[in-house]
Amino acid sequence: MKPEIVKISQISPDQSVVCIVGKNEVPPFLNLNKTEKEYALKQLRNKVELVFINSYFKCTYIVKVKEGISGFREKEELRKAAAGMKKLLKSNNHSELVISSTSTYKGAIEDFTEGLVLSFYSFDKYKTKDEDEEKKNYPSKLLLYGDTDKAEMKWLTDLTDAVYFVRDLINEPVNHLNAAGLGSAIEKIGKSAGFKVDVLTKGKIEALKMGGLLAVNKGSVDPPVFCILEWNPAKPVNKQPFVLVGKGIVYDTGGLNIKTGDYMASMKGDMAGAATVTGVLYTAAKSNLPLHIVGLIPATDNRPGGNAYTQGDIITMYNKTTVEVGNTDAEGRLILADAISYASKYKPEIIIDIATLTGSAASTFGNQAIAMMTNADRKYITLLEDCGNHVYERISELPFWDEYGESIKSDIADIRNIGGREAGAITAGKFLEKFAKFPLIHLDIAGPGMLKKDDHYRLKEGPGSGLRLLATFVRKLAADYKKLK
Ligand code: BES
Ligand code: ZN
Ligand code: MG
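Since the structure is predicted, the reported quantities are computational estimates derived from the model, not experimental observations.

Trainee: When you look at the overall build of the protein in this model, what are you seeing that I'm missing?
Mentor: A tally of regular secondary structure across the protein gives 14 helices and 18 strands. The C-alpha radius of gyration of the protein comes to 24 Å, within 12% of the 23 Å expected for a compact globule of 485 residues. Counting only C-alpha atoms, the protein reaches 80 × 55 × 40 Å along its principal axes. Residues classed as buried in the protein amount to 57% of the 485 residues present. Sequence-distant contacts, at least 24 apart, represent 78% of the contacts inside the protein between residues at least 6 apart. A total of about 20,600 Å² of accessible surface is found on the protein, and carbon and sulfur atoms cover 50% of it. Distance from the positive charge centre (65 side chains) to the negative charge centre (60 side chains) of the protein: 3 Å.

Structural data, given as structure tokens:
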């Protein structure tokens, strides 16, 4: 269960408290006795980063922020420090925990709380026995003490709710969440958050002639869906919407070019982009952002089956471009391309797609950076990079020169869905760009979007990477739109 985040204005002497300090000090609101205080100060002077005092009826945790770092690195250190405390906190079985801070930067309490909440997540809905009893021993309430601003607290609650939602979706295996199931989950959250959702089913997708999505779906017994999400507030700051496109491959076997060895293992997460886009619309609606946003999510599984699409097939895409299939495992770009050309109907200010698209991006950046390729104006990119640093979902840009488009030329169709062996992340991006009539920001989250093991508060399998980045980006856009233009 996700802990509730509550603001308090007083700490009672029997409450367990985390206090973040910038210098060696023990503030009076911790209600420690003289010996405890002396002990704490001595520990701090000895450069202990976490001082733990067990006073039997309550616990006190003094967290010293690392010296010599500032800005977004300091923020991230606090999130990590919080995640590092989860075992200790659990072992002390608090039902509530106060989080406070002295003299460190504004927002320290929120950052620490964010790290803590995100590290408390677990995906255990299929466990029928409570063997993991201790999981329940997390505090169910986090009480924020100090000058935390109301709007920031609400944002933190909505954003972490969205991360939990996104992780749940990614962690669902395909036998419990197929494309139609993903469509229903999106409909349901749209209703609860207040954004519009339209789920196009197979007949409509056929009528629209979305050849990319239909080709990938051919080997499946489950029909595809194409989801249209829309947050259109009363007085948006923008005239043309921002369109977000998310890859919704609910399982990627590779198709007839089947994945071998271990490569298929994590592929239930190949819809992380779709989950992320949904999460962004959720936070936008929940926080009533004055920004018009549309989300497009093509979804299907990619399997070899009776009539599966094959290597050598030539398919006609939604925008009439013909594509020679060089590899059925390069399916993401086929379904995304249809969505990206569909986006034209909105005359978007920008199209942003997010996808677990290439092994190449994952091997280039590991799980540390989101690979970005773009032809959009730099003012958006600077803002996006800033947001990435701020939430520590950092982006790194790859070149997007036209020469990289040469390897996806085809002798028998307009283009091919694969390039050569080199620069796979970039040629995939170039493929998508061919379908974009409006500026494109392409984000490949193949590395950070699926993790084999926990990375501090980014938890394994579906960490939800990219959500905090894009949610913060649209929030900033909404707030600073006029300045940016
Ligand atoms: N879903 C994969 C990409 C992927 C790989 C995501 C590893 C996360 C971790 C994608 O559909 C894929 O299979 N891409 C191929 C493309 C290739 C055939 C051109 C790849 O990257 O190997
Ligand atoms: Zn895939
Ligand atoms: Mg694939």
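Trainee: What is the right way to look at the site of ligand 1 in this model?
Mentor: With respect to spatial proximity, 16 residues lie near ligand 1, and among them D252, K259, D329, E331 and G359 are the closest. At 3.2 Å, a side-chain N or O of K247 approaches an oxygen atom of ligand 1. In this structure, an oxygen atom belonging to ligand 1 sits 2.6 Å away from a main-chain N or O atom of G359. For ligand 1, the protein covers 77% of the area, taking 520 Å² as the surface of the free molecule. Split by residue class, the shell around ligand 1 holds five nonpolar, four polar and seven charged.

Trainee: So what exactly am I meant to see when it comes to the nonpolar core here?
Mentor: Across soluble globular proteins, you tend to see nonpolar side chains buried next to one another. Among the nonpolar cores identified, the biggest contains 71 residues, and L182, F195, L384, I441 and L443 are the most heavily contacted of them. Among all residues touching I441, those that are not within four sequence positions of it are I350, I351, I352, D353, M372, M373, T374, A376, Y380, I381 and L384.

Trainee: What is the right way to read the packing of aromatic side chains from this model?
Mentor: Here the distance between the centres and the angle between the planes together describe a pair of aromatic rings. For the coordinates displayed, the defined rule picks out 12 aromatic pairs. Plain terms: the ring middles of W401 and Y404 are 5.9 Å apart, the flat faces sit at 20° to each other, and that makes the pair stacked. Linked through ring pairs, F226, Y318, Y342 and Y346 together constitute an aromatic cluster. Here the basic side chain of K2 rests over the ring of Y164, its NZ or CZ set 6.0 Å away from the ring centre. In this arrangement the basic side chain of R394 is found over the ring face of Y392, its NZ or CZ atom lying 4.0 Å from the centre.

Trainee: Is there a simple way to explain the sheet that holds strand β1 (residues 4-8) in this structure?
Mentor: In any sheet, the strands associate via hydrogen bonds between backbone groups, in a parallel or an antiparallel arrangement. The six strands lie next to each other as β1-β6-β5-β2-β4-β3, forming an open sheet whose pairing is mixed. Single-partner strands in this sheet number two, and they are β1 and β3 (50-54). Taking the axes of each pair of neighbouring strands and ignoring which way they run, one obtains an average angle of 20° across the sheet. The sheet contacts of helix α4 (residues 108-119) involve β1, β2 (17-21), β4 (59-64), β5 (96-102) and β6 (141-145), and relative to β5 the element is tilted by about 145°.

Trainee: Explanation requested: the domain arrangement of the protein in the structure shown.
Mentor: One widely used convention gives an interface's size as the accessible area the parts lose upon coming together. Domain annotation for the protein reports domain 1 (4-148) and domain 2 (159-484). Between the C-alpha centres of domain 1 and domain 2 there is a distance of 36 Å. Taken together, the contact between domain 1 and domain 2 spans 18 residues of the former and 20 residues of the latter. For the domain 1 face of the interface with domain 2, the top three residues by lost area are F72, L118 and Y121, together amounting to 37%. Where domain 1 packs against domain 2, one counts three salt bridges. Ionic pairing is found between K125 and E172, a salt bridge with its closest N-O pair at 2.4 Å. Linking domain 1 with domain 2 are 12 residue pairs in polar contact (both at pLDDT 80 or more), by the criterion used here. Listing elements by their share of the side of domain 1 that touches domain 2, those giving two or more residues are α2 (71-84) and α4. With six residues, the single largest contributor to the side of domain 1 that touches domain 2 is α2. Residue composition of the side of domain 1 that touches domain 2, by class: nine nonpolar, two polar and seven charged.

Trainee: Would you take a moment to explain the pattern of salt bridges for this structure?
Mentor: Any two side chains of opposite charge can pair, on the condition that their charged atoms come close. On inspection of all chains with the given rule, the structure shows 28 salt bridges. The salt bridge partner of E76 is R458, with a shortest N-O separation of 2.7 Å. Note that E76 is positioned in helix α2 and R458 in the loop between β18 (440-444) and α14 (467-484), a separation of 382 residues in sequence. As far as burial versus exposure is concerned, E76 and R458 are alike and both buried. The partner of D301 in a salt bridge is R303, and the shortest N-O contact between them spans 2.6 Å. Taking the relative accessible area as the measure of exposure, R303 reaches 32% and is therefore partly exposed.

Trainee: Is there a simple way to explain the coordination of the magnesium ion (ligand 3) in this structure?
Mentor: Octahedral metal centres with six donors ideally show angles of 90 or 180 degrees, and tetrahedral centres with four donors ideally show 109.5 degrees. Looking at the metal site, the magnesium ion (ligand 3) is ligated by D252 (OD), D329 (O), D329 (OD) and E331 (OE), spaced 1.9 to 2.3 Å from it. For the magnesium ion (ligand 3), the six donor atoms in the first shell make angles of 72 to 176° at the metal, so the coordination geometry reads as irregular. Written as a sequence motif, the donor residues of the magnesium ion (ligand 3) are D-x76-D-x1-E.

Trainee: What am I meant to see in the packing of helix α12 (residues 378-391) against α14 here?
Mentor: The axes of two packed helices give the description: the angle between them and the distance between them. For the pair α12 and α14, the least separation of the axes is 9 Å and the interaxial angle reads 135°. When the axes of α12 and α14 are compared, the pair comes out oblique. You can see that α12 and α14 cross each other, and the crossing is right-handed. Contacts between α12 and α14 involve K379, Y380, L383, L384, C387, G388 and V391 on the former and, on the latter, R468, L469, L470, T472, F473, K476, L477 and L484. Within the contact of α12 with α14, the residues separate by chemical class into 10 nonpolar, two polar and three charged.

How each quantity is defined
Residues numbered from 1 in each chain as written. Chains lettered and ligands numbered in written order. Predicted model: local features only at pLDDT ≥ 70, side-chain atom pairs only at ≥ 80, totals over all residues. Heavy atoms only, no water. Helix = DSSP H or I, 4+ residues; strand = E, 2+ residues; numbered from the N terminus. Rg over C-alpha atoms; globule rule 2.2 N^0.38 Å. Buried < 20%, exposed > 50% of the residue type's maximum accessible area, 1.4 Å probe, protein only. Contact = heavy atoms within 4.5 Å. Areas by Shrake-Rupley, 256 points an atom, 1.4 Å probe, with all protein chains shown as cover. Lys, Arg positive; Asp, Glu negative; His and termini not counted. Charge placed at Lys NZ, Arg CZ, Asp CG, Glu CD. Near = heavy atom within 4 Å. Polar contact = N/O pair within 3.5 Å; in protein donor to acceptor, adjacent residues only side chain to side chain. Nonpolar A, V, L, I, M, F, W, Y, C, P; charged D, E, K, R; others polar. Core = buried A, V, L, I, M, F, W, Y, C linked by side-chain atoms within 4.5 Å. Phe/Tyr/Trp six-rings, centres within 6.5 Å; stacked < 30°, edge-to-face > 60°. Lys NZ or Arg CZ within 6 Å of the ring centre and 35° of its normal. Pairing = 2+ DSSP bridges. Axes fitted to C-alpha atoms, helices over the stretch in contact; angles between N-to-C directions. Domains from an automatic or database assignment. Buried area = accessible area lost by both parts, 1.4 Å probe. Salt bridge = Lys/Arg side-chain N within 4 Å of Asp/Glu carboxyl O. Donors = N, O, S within 2.8 Å, 3.2 Å for Na, K, Ca; no water. Tetrahedral: all angles 85-135°; square planar, octahedral: opposite > 155°, others 65-115°. Parallel < 35°, antiparallel > 145°, perpendicular 65-115°, else oblique. Left-handed = near helix turned anticlockwise from the far one by under 90°.

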